[in-house]
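# Close look at the chain arrangement
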Amino acid sequence: MRIEGKISPRRLLESFSAGEKAPLFRFSTPQISDALYKISGYNGAIHSLRPLNKKKIFGPIVTAKTKDYDWGTSVKAIDHASESEVIFIMAEGDDNAVWGELTSKTAKKKKIAGTIIYGACRDLDAISKLDFPVFSKGVVPNAGKPLALGEVNIELECEGVDVRPGDYVFGDESGVVIVPQELLDIVMEEAFRIKEREADISRLIEDGIPLSRILGLK
Amino acid sequence: MRIEGKISPRRLLESFSAGEKAPLFRFSTPQISDALYKISGYNGAIHSLRPLNKKKIFGPIVTAKTKDYDWGTSVKAIDHASESEVIFIMAEGDDNAVWGELTSKTAKKKKIAGTIIYGACRDLDAISKLDFPVFSKGVVPNAGKPLALGEVNIELECEGVDVRPGDYVFGDESGVVIVPQELLDIVMEEAFRIKEREADISRLIEDGIPLSRILGLK
Amino acid sequence: MRIEGKISPRRLLESFSAGEKAPLFRFSTPQISDALYKISGYNGAIHSLRPLNKKKIFGPIVTAKTKDYDWGTSVKAIDHASESEVIFIMAEGDDNAVWGELTSKTAKKKKIAGTIIYGACRDLDAISKLDFPVFSKGVVPNAGKPLALGEVNIELECEGVDVRPGDYVFGDESGVVIVPQELLDIVMEEAFRIKEREADISRLIEDGIPLSRILGLK
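The numbering scheme is per chain: residues are counted from 1 as the chain's sequence reads. Working convention: letters from A go to chains and numbers from 1 go to ligands, in the order in which they are written. Selection of residues for local features in this predicted model requires a pLDDT of at least 70, selection of side-chain atom pairs for listing and counting requires 80 or more, and totals for whole chains, interfaces and linings are taken over all residues. With hydrogens and water stripped out, all remaining heavy atoms of the structure feed into the side-chain values.

## Overview of the overall build of chain A
Formally: Comment: elements are numbered from the N terminus, with helices defined as DSSP H or I runs of at least four residues and strands as E runs of at least two. When checking whether two residues touch, look at their non-hydrogen atoms; a contact exists if any pair is within 4.5 Å. For the area figures, the Shrake-Rupley method with a 1.4 Å probe applies, and any residue is considered shielded solely by the protein chains shown.
Assigned secondary structure in chain A consists of 8 helices and 11 strands. In chain A, once contacts between residues fewer than 6 apart in sequence are set aside, the share between residues at least 24 apart is 73%. Of the roughly 8900 Å² of accessible surface on chain A, a fraction of 49% belongs to carbon and sulfur atoms.

## Section: helix H7 (residues 184-206) of chain B
The condition that has to hold: Helices are assigned an expected span. That span is 1.5 Å times one less than the residue count.
Helix length check: H7 of chain B, at 23 residues, gives a terminal C-alpha distance of 32 Å against a target of 33 Å (1.5 Å per residue), a fit within 8%. Two residues or fewer past H7 of chain B, Gly208 of chain B is found with a positive phi of approximately 95°.

## Focus on the side chain of Ser33 of chain A
Relative to the assigned elements, Ser33 of chain A resides in helix H3 (residues 29-40). Once you skip the residues sitting within four places of it in the chain, Ser33 of chain A turns out to touch Asn43 and Val177 of chain A together with Pro141 and Asn142 of chain B.

## Section: the relation of the copies chain B and chain C
Threshold: Least squares is used to superpose the copies, and the fit set is the C-alpha atoms of residues whose pLDDT is at least 70 in both copies.
Overlaying chain B on chain C yields an RMSD of 0.0 Å, the required transformation being a rotation through 120° with an accompanying axial translation of 0.0 Å. The transformation relating the two chain copies, once decomposed into turn and shift, fits a three-fold axis.

## Things to note about the pairing of strand S10 (residues 168-172) of chain A
Residue and element names in this part refer to chain A. Threshold: Throughout this description, buried means an accessible area under 20% of the type-specific maximum (1.4 Å probe, protein chains only), exposed means over 50%, and partly exposed covers the range between. A pair of strands is considered paired only if DSSP assigns at least 2 bridges between the two.
Judged by how many residues are buried, S10 sits mostly within the fold: 5 of 5 residues are covered. In S10, alternate side chains face the same way, and those of Tyr168, Phe170 and Asp172 on one face and Val169 and Gly171 on the other are all buried. Here 4 bridges tie strand S3 (residues 57-67) to S10, and the two strands are oriented antiparallel to one another. Within S10, the residue paired with Phe58 across the bridge is Phe170. Summarising the sheet, S10 and strand S11 (residues 175-179) pair through 5 bridges and their orientation is antiparallel. Paired with Gly171 across the strands is Val176, a residue of S11. Here S10 hands over to S11 after 2 residues, the two strands then running antiparallel side by side.

## Things to note about the interface of chain B and chain C
Here is the rule we go by: Buried area adds together the accessible area that both of two parts lose upon being put together, with accessible area traced by a 1.4 Å probe. What makes a salt bridge here is a side-chain nitrogen of Lys or Arg within 4 Å of a carboxyl oxygen of Asp or Glu, nothing more. Any N or O atom pair separated by 3.5 Å or less is treated as a polar contact, with the protein-specific requirement of one donor-capable and one acceptor-capable atom, and with residues adjacent in sequence counted only for side-chain atom pairs. As a working rule, the residues Ala, Val, Leu, Ile, Met, Phe, Trp, Tyr, Cys and Pro are called nonpolar, Asp, Glu, Lys and Arg charged, and the rest polar, with Gly in that last group.
Counting from both sides, the interface comprises 29 residues of chain B and, opposite them, 26 residues of chain C. With both chains or domains summed, chain B and chain C bury close to 2100 Å², and 58% of this area falls on carbon and sulfur atoms. Where chain B meets chain C, there are 2 salt bridges. Across the pair Asp34 of chain B and Arg122 of chain C runs a salt bridge, and its minimum N-O distance is 2.9 Å. Where chain B meets chain C, there are 9 residue pairs in polar contact (both at pLDDT 80 or more). Of all the secondary-structure elements, those providing two or more residues to the side of chain B that touches chain C are helix H3 (29-40), strand S11 (175-179), H7 and helix H8 (211-215) of chain B. In the side of chain B that touches chain C, the residues fall into 11 nonpolar, 10 polar and 8 charged.

## Side note on unusual backbone geometry
With a phi angle near 65°, Lys111 of chain C is a residue other than glycine that sits in the positive phi range. With respect to the helices and strands, Lys111 of chain C occurs in the loop between helix H5 (101-109) and strand S5 (114-121).

## Observations concerning the confidence of the model for chain A
Residues and elements named next belong to chain A. Spelled out, the test is: The predictor attaches a confidence to each residue, called pLDDT, with possible values from 0 through 100.
The predicted model of chain A has a mean per-residue pLDDT of 91, with 88% of residues at 70 or higher. In this model, residues 1-7 is a region of pLDDT below 50 whose contacts with residues beyond four sequence positions or in other chains number 12 contacts. Interface scoring of the predicted complex returns ipTM 0.91; its pTM is 0.92.

## Let's talk about the interface of chain A and chain B
Each side of the interface is counted separately: chain A has 29 residues, and chain B has 26 residues. Joining chain A to chain B, the criterion identifies 2 salt bridges. In this structure, Lys109 of chain B and Glu206 of chain A form a salt bridge, with 3.4 Å as the shortest nitrogen-oxygen distance. There are 9 residue pairs in polar contact (both at pLDDT 80 or more) connecting chain A and chain B. Among the secondary structure elements, those contributing two or more residues to the side of chain A that touches chain B are H3, S11, helix H7 (184-206) and helix H8 (211-214) of chain A. For the side of chain A that touches chain B, the per-class residue count stands at 11 nonpolar, 10 polar and 8 charged.

## Structural notes on the pattern of salt bridges
Tallied over the entire structure, the rule returns 36 salt bridges over all chains. Glu101 of chain A is the salt-bridge partner of Lys105 of chain A, the closest N and O atoms lying 3.1 Å from each other. Of this pair, Lys105 of chain A and Glu101 of chain A are both found in helix H5 (residues 101-109), 4 residues apart, which corresponds to roughly one turn of the helix. Between Asp167 of chain B and Arg164 of chain B there is a salt bridge; the shortest N-O distance is 2.8 Å. One exposure class covers both Asp167 of chain B and Arg164 of chain B, and it is buried. What emerges from the salt-bridge pattern is a single network uniting Lys38, Glu190 and Arg193 of chain A.

What follows is the structure, given as structure tokens:
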């Protein structure tokens, strides 16, 4: 009587590789973070990123690094990203937006999975109507120019968390977690066990057993 | 022709003690804060707390104090709280969440009135679907461990506001206000007068009288 | 085949002066900011202001400057404002709210276009139900007194942006932009061209042309 019982962790990972998103979207960032922490002693969370349109995001990362007055690097990153990948842009500064409506439309048209801006975004009215997940640190109405002078697909570090091309990102209303690509399989298996255990605990709570007793706290 | 005219302040307080929540929920935190200020010269507001799921909260407080890497103290606080009480958790730090889905479900099952975390919360997706009010300073996806090493039902101080077990908390979209238990009756009576006066003023505004004239400002 | 094709920029400005709001509301703050930047090298954005009830705002500004413990100056500003104008209040500090339900109702009754508080607001529950746009830096439940000791219709400076009586403000979910009154006509004409160009680009994106090629980025 396990939830997700018909899908083995192995099958789950295969379905992930095959681009079937549904099962993975049923995991929360807390479950992913807990799994990563159990395996690596490291929680992978970047705290100042917030969802702008309440959509969940996940996928392998394409990175970009840019000055905040150059949104052309974000356009360059779209060219480098493939279907189902997530663009992760690190802007040095957040006085100018490096992402907005036109970049969102282009990325969505290319079936990119979403964009995370460690910096500022704009065009929230338009983005909230698009079915395209966007996360950012801040929101401002102004932008710089499409210079495209930044770098694409380099290793980044955000609030002490390594963000490398090909690493996996998971985002929802609780925030954003980065999972190193070499740990993805075992993190997903662990997350699956955590999800099962939480479902068991939820059933016990529903039966009226105190959580302290379920957890064996004195 | 008073609003709430059929309910005397005394009756209001009795209905409050009896657990009839409706009338109290019709007060706003600004009205409570104004009443407290008029009586004590002190507004009772803790500014950095925000509602996570837009639900109003009120009730007598059960306190807890914990390191942010120990969410077990929050579980312990649930054991100490009774129906209609509000759990107020002070976390030292907000790098880790000390409240989430399982604790919310447990507290809701026990008919606790809600939880306020002076620290970080997680599982927002789940919490936004639960009919259980949660307020916090921040939101992060990661948590520590259920150590339960913190203290329960001790006196706290938050942003200069005393928060003692048995004090009353009121929260809505404008924020959170703490009312010392010994002042509750007269604060409620004063809030009732404020609410009546505001209803009178609203009617005059609706009739087109300038607020400056209503207030007697030059 | 231009959007807004039936309305010339000149007609647009006339309709604006005539109080017909609809066409202007179709501009976004990013378009206005881009237009202002192109003309003046200056983007006009005030970054810490957020919409409290997701409504767009625009109009000529009436200013007020007050200590945060004096919300009477906000009431005085309502007396000085006319239909379709926007009240812009600079509060020194944001420990107390200088705007709330009663001031919103009074301003709405007078057909004022909205209020922007560089400071704190309260009564969010009530304001979210009113059809009256409010922007602010912060939200707190407590307020000071209606002293009315501040100044009305003076020149302000917010985060390096001049805010003078009669200047125009535009606000939406991306933030707030101030346009100097003497530049309004050419900013609107430029915004019109930007909007047309963006519509052209959106059509090309929809046809599958990469944004990098549309923009001529290498």
